[in-house]
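# An overview of the molecular structure
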Amino acid sequence: MIAASNAKRAGTAADITDAVAFLVGSSASFISGTDLLVDGGVTALAAG
């Protein structure tokens, strides 16, 4: 899975908590009704 990702590394807890911190912060105040995939690009590569 690591080799299949754009990031070429395993995800960490910080990768998830950084995404959560962004979503609960004011920078994301206009974002609604979307999915934020925190998977190192695996889903994007699989779709293409």
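In this report, the structure presented in the accompanying data block is examined. Throughout this document, residue positions are counted from 1 along each chain, in the order its sequence is written. The model is predicted, so local features are restricted to residues of pLDDT at least 70 and side-chain atom pairs to those at 80 or more, both for listing and for counting; the totals for chains, interfaces and linings are taken over all residues. Excluding hydrogens and water, the side-chain figures rest on all heavy atoms present in the structure.

## A closer look at the overall build of the chain
Along the chain, the regular secondary structure elements total two helices and zero strands. When accessible area is computed with a 1.4 Å probe and restricted to protein chains, residues below 20% of their type maximum are described as buried, those above 50% as exposed, and intermediate ones as partly exposed. Looking at the chain residue by residue over its 48 residues, the buried ones come to 10%. For the accessible areas, the method is Shrake-Rupley and the probe is 1.4 Å, while residue cover comes only from the protein chains on display. Accessible area for the chain stands at about 3,800 Å²; split by element, carbon and sulfur atoms hold 63% of it. In this description a helix means any DSSP run of H or I spanning at least four residues, a strand means any run of E spanning at least two, and both kinds are numbered starting from the N terminus.

## A closer look at the layout of surface pockets
The volume enclosed by the largest pocket comes to roughly 200 Å³. Lining the largest pocket we find 14 residues, and of these Arg9, Ala10, Gly11, Asp39 and Gly40 sit closest to its centre. Of the residues in the lining of the largest pocket, the class split is seven nonpolar, four polar and three charged. As defined here, a cavity is a set of points on a 1 Å grid over the protein atoms alone where a 1.4 Å probe fits but cannot get out. A pocket is an open set with protein on both sides within 12 Å along at least five of seven lines, and residues line them when an atom is within 4 Å of a point. Grid points are joined across faces, edges and corners, and a volume is the space filled by probe spheres set on the points. Amino acids outside the nonpolar list (Ala, Val, Leu, Ile, Met, Phe, Trp, Tyr, Cys, Pro) and the charged list (Asp, Glu, Lys, Arg) are all regarded as polar, and Gly is one of them.

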